[in-house]
Structure formats: C-alpha cells, structure tokens
Amino acid sequence: MEGLEITVLLGLTILVGTLLAPRLRLALPLVLVVLGLLLGFVPALRQVQLPPETVLLLFLPVMLFWESLTTSLRSIRRDVRHILPMSTLLVVASAFAVAGVAVLLGLPWEIGLILGAAVAPPDATAVAALGRLLPHRMFMKLKAESLTNDGTALVLYAIAVTVATGGRITPWSVTGTVIVSYLGGIAAGAAVAGAAAMALRRIRSTLAINLTLLLVPFAAFLVAELVHASGVLAVVVAGLVVAYVLSQITTAASRRQADAAWPFGVFLLNGALFVLIGLEVQYVVHEVPFARIGRLVLVTLAVWATLFLVRYLFQWLSAPFLRSGGPRPASGVRGRARLVSTVAGMRGAVSLAIALSVPLTTSDGGALTGREDVIVVTAGVILLSLLVQGPLLPVVVRWARLPVDHTEDEEYELAERTISGAALTALDDLAREHGVSDEVRDRIRFEGYQMLELANARTMAREQALIDAEAEALDVLLDEPDPLAASTGAAVEATPLQMIASSTDVDLRQRSPILRHEEHTRLKLAMLDRKREVLRGLRRAGTVDDLVVRRVSARLDLEEVRLRGVEELA
C-alpha cells in the first residue's frame, strides 16, 4: 500500500478506536491493538511492517520527551532507592531469567539473551496509557522506572547481539559499554538541554520556541548515538532538565500552545503505534511455519509468566532495601501494592523495536538462526501484556484497596493560597513600582481577597467531602445512618456557599478607561511574576510537587495570555 493510504487508514482506525473505547469501557490502547489485529487479516495490510528505526528514531524520542516533561522530579529524588534497582537490576534479572527459560525450551543461549533484553523493560508509553488509574506515587515510580530501564535493556541487547553474531566480549568491554552508555547519555541530555535553555532565553516568538523544544529530544538522541551512549537516557535527562526550567526560559503563550499541541501529537503517535503493533503481530505469525507455531506459543506463555514472576519476587526480596522515606504501610497493603505494580509492568513498542533490530546475519555472513523466534515471542509477550494485564489492572487495583492519596490536591491548594497571599502582601510595593493608582490597586486587592477566599472555601469543601465520605462508609459498615451527619448534610445543602461581590464605594472621577485598563494589566502581570517566583521557591524547597507546579503554572499562563491578548505566532 502507498504511504498516503496507510496514513489515512491509521487515522481512521485511531478515530474508530477513540469512539469505541468509551462505549466498550476498555482502555484505548487495548482497542487499537485489537483493531490492528483485525486489520492484519487483510493480506495487503499485513505487509505494512513497522521499521525498528521508525520507533527508535521518530516515535520514541517524542514520546519519551513528553513523558519526561510530565514526570515529577521530586518523586524521582524521593523514590530513587526504588527506581534505580528496578530500572537496572530488575531488567538484568528479567533478561537472564527469560534467557534461561528460553534455553530450557530449545532456543540457543545467545538468542535467549537477545529475547530477554527485548522483553525485560516495561514500556513507558504503555505505562502512561494504561497506568493512570494507579495511586499517584505508584504511578510516578512506575513511570520513572519505565523511562530509564530502556537504557539498561539496550546495553544488554548490544552485548547479546555481539555474542550471537560471533563477536568477542570481555569484562572490561562490558564495563566500558555500561559506563559510556549511562554517563554518556546523561551528559548528552544535559548538554543539549543546557544549549536549548540558553537559546530559548533569547527567543520570544511562540513558533520558534516550540520548534526549538521539538528539536531537543531528537538532538539529544543524536548526540548520544554519536558518542555510542544511551539515546533513551539522553532524551529523558533532557526532558527532566527542560521541564525544571521551562517557566523561566519560555513565554506564557508558547507554553499554552505546547500544552495543547504536544498531548495531541503524542496521542496520535501512541495510537498509530498500538495499531501497528497489532499489524506486526499478524505479519510475524504468518511468516513463521505452522509447525513451529505451537512451540513458540509455549515459549511465549512461559516467557510472559517468567517476567510476571520475576518482577513480583524481585520486589518482595528487595523490599527491605527499596523502602523509601515516609510512613511505613501495613504488610497487607505492601503485598497488594507489589501485585498491582507487577500487573502494571506492561511491555510495548520498545520491546518490539529491539526485536526487529536483530541483525539478519552473523559476522562471517551466515544467517542468524533464531531471529524469527525472537520477533514472534516478543510480539506475543506484548500482546499478552496489553490484552491480559491491561483489562486485569483495573480489577486488581479495585481488589487491592490501596489508600487514596490526596497529597496532590492538598499541595495544589497550599500552592494557590501561598502564592495568592504573597502577591497580596507585595501589592502595595508592586503598585508603587509600576506607577499604579490607588483605585486600580484597591480593585485588584479586592479581587485577590476574593480569589483567596475561594481557595480557602474549596479546601474546606474538599475536607468536608472526605469527612462525609468516611462517615458514609462507616454508616454502611454499621448498617445504620448517622443522624448528625444527615442533619449536617441537609444544612449544607440548604445553605450553599454564596460569595457576593458588591461595593458602594464608586469612584466618580473622570479618568480614562484606557489608562485604568493599562494600569490594571500592568499590576496584574507584576503580581503573576511575583506568584511564579513564590511558586518556584515552593518547588525548590520541596513543599509542592513538580506536577502541582505545572498545574498552577498552566493557570497563571492562561491568565497572562488573557491579559496580554493573542500573541503573534511569527
């Protein structure tokens, strides 16, 4: 099929999946994979293959960069004792366990290790698409793990391919590969992010800023590849650095544009990727002789079960060493949380890209035996991961009854109250500094107190809702209503919160409306700058999370864009 036909077909499939998923009450990735499988029954469509370089060089940098931009750096620092072993030691343990199972089922050791490297890392895009119903902290840990474990898997893959193709490895060469891959990837990502930050400080055009941001992940990947380092790790580091300084090096209009464009673009790439995975599974299955299908299905099931078991056992055995700060949950909760994390560790496009990258020949020109087996088993593991673990995850989460985490809401409310209070405290100084009249200053002060009162009211309403929910759950448990709670609820319902803004102090002086508007805009922008300064201080102190900062910053950016008007894109 021609490229244009494939593009239209992918777009239509994503549209159909987007419409069907809510009706079927299934996650969109699962629906798209199934649609890809169904399309694969058409012989012409089955020939649409997924080039591995397309995933590694086009899809992956964009998706990893966006996931890094929306990842909490504070969560990574807080849970680094958990994330680091899970993204390194667990990947190695999974790869060698899979290799051992593959050898027992008749595959050569070298091919088994390649297979292990391909299926060992949970995929960041699959985790992001299916894991958002997890508790916030668990989701952040799993996301950070899946962002960094690809580097470990690619190092293992390079070593395994070297052995399989007849190359020689030594302990020194393996050590050198690991050091260069990790340190080089971190250095490349930091260098590209630093260069981008210096350039963005000098650019004010919205389009130019976002074009520069779009180039960052590809430049980081390229620089890392040039020094034979981990391109995946370079993209992740670049994304984390850029996310930390983004509000200081870009404009509000450019951030609003990016917040609208990036999620949509990543959604399209994700959707196309899941459809292509379904097509690729059909392709590789039809390419394998029928006599080998039964054995490969057995290998696939064994590998998938091994990954599941190794992940659970690794968390259980290493629990005393992975425990991070904070209150220690009950043992039952920890056990259920380990099972949830195990089910949430799904494989995706990166695994298939690694499998498809296996060379066709050895170093002496002979055919590499077992390449098709790696592709078939990897595709089968991905399919089981998405179609079994995906629907199973909501069931396991409900069964686990993990404690609800309200930390993000509490920190958001704290940030809103803190920055509003700080801006009001500095209002008189800002008004004098910007030459704003008392009339405009007092009007803005009144608006500020209204917003602060609203933030306090929302906090109290949320806390009351939690109390009411706990009381209702207790009533259900005791099978009798609480008359006090019922009367309180009725009182609240009968007298809802009303905030009436009125003033009899009307200034009748004939002043220019344009002048008042300019003063109002000037002072409001100064207050926004003050709020951002205080917000960055809260983030530096670790008082609020990076994702909370992102939410608050988005609201401040929207207010700034409204004050400044539509900015020219050129």
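Residues numbered from 1 in each chain as written. Predicted model: local features only at pLDDT ≥ 70, side-chain atom pairs only at ≥ 80, totals over all residues. Heavy atoms only, no water.

Draft legend 1. Quick peek at the pattern of salt bridges. The full count for this structure, using the stated rule, is 26 salt bridges. Across the pair Asp-259 and Arg-550 runs a salt bridge, and its minimum N-O distance is 2.9 Å. Placement of Asp-259 in helix α14 (residues 252-287) and of Arg-550 in helix α25 (residues 546-564) is noted, with a sequence separation of 291 residues between them. Asp-373 is the partner of Arg-295 in a salt bridge, and the nearest nitrogen-oxygen pair spans 3.7 Å. In this pair, Arg-295 is assigned in helix α15 (residues 290-317) and Asp-373 in helix α19 (residues 371-400), connecting sequence segments 78 residues apart. (Salt bridge = Lys/Arg side-chain N within 4 Å of Asp/Glu carboxyl O. Helix = DSSP H or I, 4+ residues; strand = E, 2+ residues; numbered from the N terminus.)

Draft legend 2. Structural detail: a nonpolar patch on the surface. There is a patch of nonpolar side chains on the surface, built from Leu-4, Val-8, Leu-12, Leu-15 and Leu-19 and spanning about 510 Å² of accessible area. With respect to the helices, strands and loops of the structure, Leu-19 is situated in helix α1 (residues 3-24). Looking at Leu-19, the relative accessible area reads 54%, which means it is exposed. (Patch = residues over 30% accessible without salt bridge, like charges linked within 9 Å, V, L, I, M, F, W, Y side chains within 5 Å. Areas by Shrake-Rupley, 256 points an atom, 1.4 Å probe, with all protein chains shown as cover. Buried < 20%, exposed > 50% of the residue type's maximum accessible area, 1.4 Å probe, protein only.)

Draft legend 3. Looking closely at a negative patch on the surface. On the surface, a cluster of negative charge is contributed by Asp-405, Asp-409, Glu-410 and Glu-463. Take Glu-463: it is sitting in helix α22 (residues 438-478). (Lys, Arg positive; Asp, Glu negative; His and termini not counted. Charge placed at Lys NZ, Arg CZ, Asp CG, Glu CD.)

Draft legend 4. Highlighting the nonpolar core. Grouped together as the largest cluster of nonpolar side chains are 127 residues, with contacts concentrated most on Ile-114, Leu-115, Leu-134, Val-242, Val-303, Val-340 and Leu-393. The contacts of Leu-134, once residues within four sequence positions are left out, are Phe-139, Leu-142, Val-340, Ala-344, Leu-393 and Val-397. Ile-419, Ala-422, Val-552 and Leu-563 belong to the second-largest nonpolar core, a separate cluster that totals 15 residues. (Core = buried A, V, L, I, M, F, W, Y, C linked by side-chain atoms within 4.5 Å. Contact = heavy atoms within 4.5 Å.)

Draft legend 5. Unusual backbone geometry, seen in detail. Phi at Arg-25 takes a positive value of approximately 60 degrees, unusual for a residue other than glycine. Looking at the element boundaries, Arg-25 is found in the loop between α1 and α2 (28-39). Take Arg-25: its relative accessible area is 78%, and that puts it in the exposed class. Backbone geometry at Arg-401 places phi at a positive 50 degrees, although glycine is not the residue there. Tracing the backbone through its elements, the reader meets Arg-401 in the loop between α19 and α20 (407-425).

Draft legend 6. Main features of α1. Here α1 spans 31 Å end to end across 22 residues, near enough to the 32 Å set by a 1.5 Å rise per residue. Taken together, the buried positions of α1 are Leu-10, Thr-13, Ile-14, Gly-17 and Ala-21. Summarising the contacts, the buried residues of α1 are in contact with α2 and α14. Downstream of α1 by a residue or two, Arg-25 has a phi angle that is positive, lying close to 60 degrees. (Expected span 1.5 Å × (residues − 1).)

Draft legend 7. Up close: the packing of helix α8 (residues 109-119) against helix α18 (residues 349-356). Put simply, α8 and α18 touch, their axes get as near as 8 Å, and they point 150 degrees apart. By the angle between their directions, the pair α8 and α18 is classed as roughly antiparallel. Note on element contacts: α18 touches α8 through Ser-351, Ile-354 and Ala-355, opposite Ala-117, Ala-118 and Val-119. (Axes fitted to C-alpha atoms, helices over the stretch in contact; angles between N-to-C directions. Parallel < 35°, antiparallel > 145°, perpendicular 65-115°, else oblique.)

Draft legend 8. Focus on α25. Between its terminal C-alpha atoms α25 stretches 26 Å, which fits the 27 Å expected from 19 residues at 1.5 Å a residue. Buried residues of α25: Asp-546, Leu-547, Val-548, Val-549, Val-552, Ser-553, Ala-554, Leu-556, Asp-557, Glu-559, Glu-560 and Leu-563, and no others. Its side-chain oxygen placed 3.1 Å from the backbone nitrogen of Leu-547, Asp-545 serves as the N-cap of α25. Of the residues one or two after α25, Gly-565 is the one with positive phi, at around 90 degrees. (Polar contact = N/O pair within 3.5 Å; in protein donor to acceptor, adjacent residues only side chain to side chain.)

Draft legend 9. Structural view of the confidence of the model for the protein chain. Per-residue confidence for the protein chain averages 82 on the pLDDT scale, and 88% of its residues sit at or above 70. Within the protein chain, helix α23 (residues 483-494) has the poorest average pLDDT of any element, 44, and helix α12 (residues 206-226) the best, 94. In this model residues 483-510 is a low-confidence stretch, pLDDT under 50, and it forms nine contacts with partners more than four residues away in sequence or in other chains. (pLDDT = per-residue confidence, 0-100.)

Draft legend 10. Quick look at the packing of aromatic side chains. By the definition in use, this model includes four aromatic pairs. Relative to Trp-262, the ring of Phe-65 lies with its centre 5.5 Å away and its plane at 50 degrees, an arrangement referred to as tilted. Linking Phe-65 in helix α4 (residues 52-69) with Trp-262 in helix α14, this pair joins segments that are 197 residues apart in sequence. Both residues of the pair, Phe-65 and Trp-262, belong to the buried class. On the basis of an interplanar angle of 55 degrees and a centroid distance of 6.4 Å, the ring pair of Trp-304 and Phe-308 is categorised as tilted. In this pair, Trp-304 and Phe-308 are both assigned in helix α15, four residues apart and thus about one turn of the helix distant. (Phe/Tyr/Trp six-rings, centres within 6.5 Å; stacked < 30°, edge-to-face > 60°.)

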